[in-house]
Amino acid sequence: MTETPKTIATPGRIIEANLRRRHRAETRFRLYGISAIVFAVFCLVVLLGTIINNAIPAFSQTMIRLDVNFQQQIIDPNGSGDPKVFAQANYRSLIKTSLSNLFPEVRGRSGKQKLSRLISSGATYTLRDEVFADASVIGRTKPIWVLASADMDQYNKGGISLKGASTNRRIGNQQAVWFEQLKQQDRVKRVFNTTLFTAGDSREPELAGVWGAIVGSFYTLIVTLALSFPIGVASAVYLEEFAPKNALTQLIEVNINNLAAVPSIVFGLLGLAVFLNFFNLPRSAPLVGGMVMALMTLPTIIIAGRSALKSVPPSLREAAFGLGASKLQMVTDHALPLAMPGILTGTIIGMARALGESAPLLMIGMVAFIVDIPGGVSDPATVMPVQIYLWADSPEHAFLERTAAATLILVGFLVAMNGLAVILRKKFERKW
């Protein structure tokens, strides 16, 4: 019998097998990385797609045209022409009269109440503004476009179906019939929802807007920036350039790094205990919110500032000293200006984090229902994340749309702020 010769494992073959095994491992690792990126992008697309799909209906609003008779005996019975008298007029009765003229067959209190629910309660403000803008309209009949109620707006957008028992729906079959009749008469249209960007919060979805929250967020960020930026930059400069390297400074550095990882609600508890309960500062005000956010943002700015200062080459410091500059002159005239792009990048990222935080502000009372637009840092206000939280907790389907729209607006602000950080870094970055 002849035996099959055994393969001799030469060093070359061993190296070749090891190389093939390493290449296979590298290929698998590359595929794992690509799969992770594809999965992350897929999740992001699904998330943004869901938000955009839910938000699109909120950017349009249903309007109904009514032929309103501005009766003088209701608006200005004495003919005084006093704006105070105009403001106290019963404009709701004018709307009910206009609807009754369109549907004279509707009788009884119950039927008229259902008919009036086609129109938003904010329509009275539209009529009032029309009278204030032109008092000559009193005593005349004029076609006016007014807001439809949130339920009829949802029905017009396809958000409410007539299938199923009418007791389980927010609108009845008769109301749908009336609305369809208005559409046939070209009295219904959809327009861009400017109220979403110009109004504050409201119990009525069709009257609710994000402008109050945007202004509140602006004031809060102004206070945050005014406090955190100078303190954070000064702390970073001292720790990196002037502080002696001893146990105390090491303890401070460790605490700063730990504060950057502390849950944000802890800062809210600190603000509640110190700013509200001890100093008795106004509750639900951007002033207190900005102070709390400044505490939360400080560690980020300090860490970013120290990293930016460390990136300045030592040769520039030595050149400044060689030309006779003092330590303070070297820092203020050379090191700090060169590190400022990195400091600004860290500051903007910290501000973006502050813009998206809600937990600390909930602890200091900025979860209150605020209708008026804040006029300063001490006025009651809310912010965008808290406004989203409030709307998400509302049972009406129309608030779901506005929650998604507000989320989309907030994401847009965050993307813009992070994009600004990238632009600043690219524009002022120095390569040594």
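Check the entry above for the structure.
Here the structure is a predicted model, which is why all the values come from computation and not from measurement.

(A) Local environment of the overall build of the protein chain. In terms of helices and strands, the protein chain carries 18 helices and three strands. Radius of gyration (C-alpha) of the protein chain: 32 Å, far over the 22 Å computed for a compact globule of 432 residues. If one aligns the C-alpha atoms of the protein chain with their principal axes, the spans along those axes are about 100 × 90 × 40 Å. Taken across its 432 residues, the protein chain has 41% of its residues classed as buried. For the protein chain, the proportion of contacts with a sequence separation of at least 24, taken over those separated by at least 6, is 77%. On the protein chain, roughly 23,800 Å² of surface is accessible, and the fraction owed to carbon and sulfur atoms is 62%. In the protein chain, the 42 positive side-chain charges and the 29 negative ones have mean positions that sit 7 Å from each other.

(B) Region of the structure containing the packing of helix 14 (residues 314-322) against helix 15 (residues 327-355). Two elements in contact, helix 14 and helix 15, have axes whose closest approach is 10 Å; the angle formed by their N-to-C orientations is 145°. Considering only the axes of helix 14 and helix 15, their crossing is right-handed. Contact with helix 14, carried on its side by Leu316, Arg317, Ala320 and Phe321, involves Lys327, Met330, His334, Ala335 and Leu338 of helix 15 and no other residues of that element.

(C) Quick look at a nonpolar patch on the surface. On the surface, a cluster of nonpolar side chains totalling about 590 Å² of accessible area is made up of Phe29, Leu31, Tyr32, Ile34 and Val38. Here Ile34 lies in helix 1 (residues 11-55). What makes Ile34 partly exposed here is its relative accessible area of 46%.

(D) Region of interest: the side chain of Asp76. Take Asp76: it is sitting in the loop between helix 2 (72-75) and helix 3 (83-87). A polar side-chain atom of Asp76 sits 3.1 Å from the main-chain amide nitrogen of Ser80. Sequence-distant contacts of Asp76, defined by excluding residues within four places in its chain, comprise Gly81, Val85, Phe86 and Ile138.

(E) Seen up close, the pattern of salt bridges. Inspection of the entire model under this criterion finds 12 salt bridges. In this structure, Arg187 engages Asp67 in a salt bridge whose closest nitrogen and oxygen atoms are separated by 2.9 Å. Taken together, the residues Arg187 in the loop between helix 8 (173-184) and strand 3 (188-192) and Asp67 in strand 1 (residues 60-69) connect sequence positions 120 residues apart. By relative accessible area, which is 10% here, Arg187 ends up buried. Among the salt bridges present, the one from Glu401 reaches Lys157, with a minimum N-O distance of 3.7 Å. Remark: Lys157 occurs in the loop between helix 7 (150-156) and helix 8 and Glu401 occurs in helix 18 (residues 397-428); sequence separation between them is 244 residues. The exposure class assigned to Glu401 is buried, which follows from its relative accessible area of 5%.

(F) Local environment of the environment of Phe192. Looking at the secondary structure, you find Phe192 in strand 3. Taking the C-alpha atoms as reference points, Phe192 and Asn277, separated by 85 residues in sequence, lie 44 Å from one another. Beyond its immediate chain neighbours, meaning those up to four positions away, Phe192 contacts Phe59, Ser60 and Phe197.

(G) Looking closely at unusual backbone geometry. The phi dihedral of Asn280 falls on the positive side, at around 55°, and the residue is not glycine. For Asn280, a relative accessible area of 62% translates into the label exposed.

(H) Examining the nonpolar core more closely. In this structure, Val210, Leu361, Ile364 and Met384 are the most contacted members of the largest nonpolar core, which totals 41 residues. In terms of residues, this core owes the most to one element, helix 18, which gives nine residues. The residues touching Val210, leaving out its near neighbours within four places in the chain, are Leu196, Ala199, Met384, Trp391, Ala406 and Ile409. Among the nonpolar cores identified, the runner-up in size contains 33 residues, and Ile64, Ile119, Met152 and Ile171 belong to it.

(I) View of the pairing of strand 1. Among the 10 residues in strand 1, seven count as buried, and that is most of the element. Sheet topology note: the strand 1/strand 3 ladder contains five bridges and is antiparallel. Directly across from Met63, in strand 3, lies its bridge partner Lys189.

(J) Representation of the side chain of Asp153 in the model. By the element assignment, Asp153 lies in helix 7. Owing to a relative accessible area of 2%, Asp153 belongs among the buried residues under this scheme. Excluding its chain neighbours within four sequence positions, the residues that come into contact with Asp153 are Ser60, Gln61 and Thr62.

(K) Molecular detail of helix 8. Taking 1.5 Å per residue, 12 residues should reach 16 Å; helix 8 reaches 17 Å between its end C-alpha atoms and fits that length. Within helix 8, the full set of buried residues consists of Gln175, Ala176, Trp178, Phe179 and Leu182. The arc that holds every buried residue of helix 8, seen down its axis, measures 160°, which confines them to one face. One or two positions beyond helix 8, positive phi appears at Asp186, with a value near 60°.

(L) Expanded view of the sheet that holds strand 2 (residues 141-147). Ordered by their spatial adjacency, three strands build an open sheet running 2-1-3, and the pairing between neighbours is antiparallel. The open sheet has two edge strands, strand 2 and strand 3, and neither has a second partner. Each strand of the sheet is rotated relative to its neighbour by a mean of 40°, with strand direction disregarded. Contacting strand 1 and strand 2, helix 6 (residues 123-133) crosses the sheet at an angle of about 140° to strand 2.

Cut-off values and rules
Residues numbered from 1 in each chain as written. Predicted model: local features only at pLDDT ≥ 70, side-chain atom pairs only at ≥ 80, totals over all residues. Heavy atoms only, no water. Helix = DSSP H or I, 4+ residues; strand = E, 2+ residues; numbered from the N terminus. Rg over C-alpha atoms; globule rule 2.2 N^0.38 Å. Buried < 20%, exposed > 50% of the residue type's maximum accessible area, 1.4 Å probe, protein only. Contact = heavy atoms within 4.5 Å. Areas by Shrake-Rupley, 256 points an atom, 1.4 Å probe, with all protein chains shown as cover. Lys, Arg positive; Asp, Glu negative; His and termini not counted. Charge placed at Lys NZ, Arg CZ, Asp CG, Glu CD. Axes fitted to C-alpha atoms, helices over the stretch in contact; angles between N-to-C directions. Left-handed = near helix turned anticlockwise from the far one by under 90°. Patch = residues over 30% accessible without salt bridge, like charges linked within 9 Å, V, L, I, M, F, W, Y side chains within 5 Å. Salt bridge = Lys/Arg side-chain N within 4 Å of Asp/Glu carboxyl O. Polar contact = N/O pair within 3.5 Å; in protein donor to acceptor, adjacent residues only side chain to side chain. Core = buried A, V, L, I, M, F, W, Y, C linked by side-chain atoms within 4.5 Å. Pairing = 2+ DSSP bridges. Expected span 1.5 Å × (residues − 1). Arc of directions from axis to C-beta.

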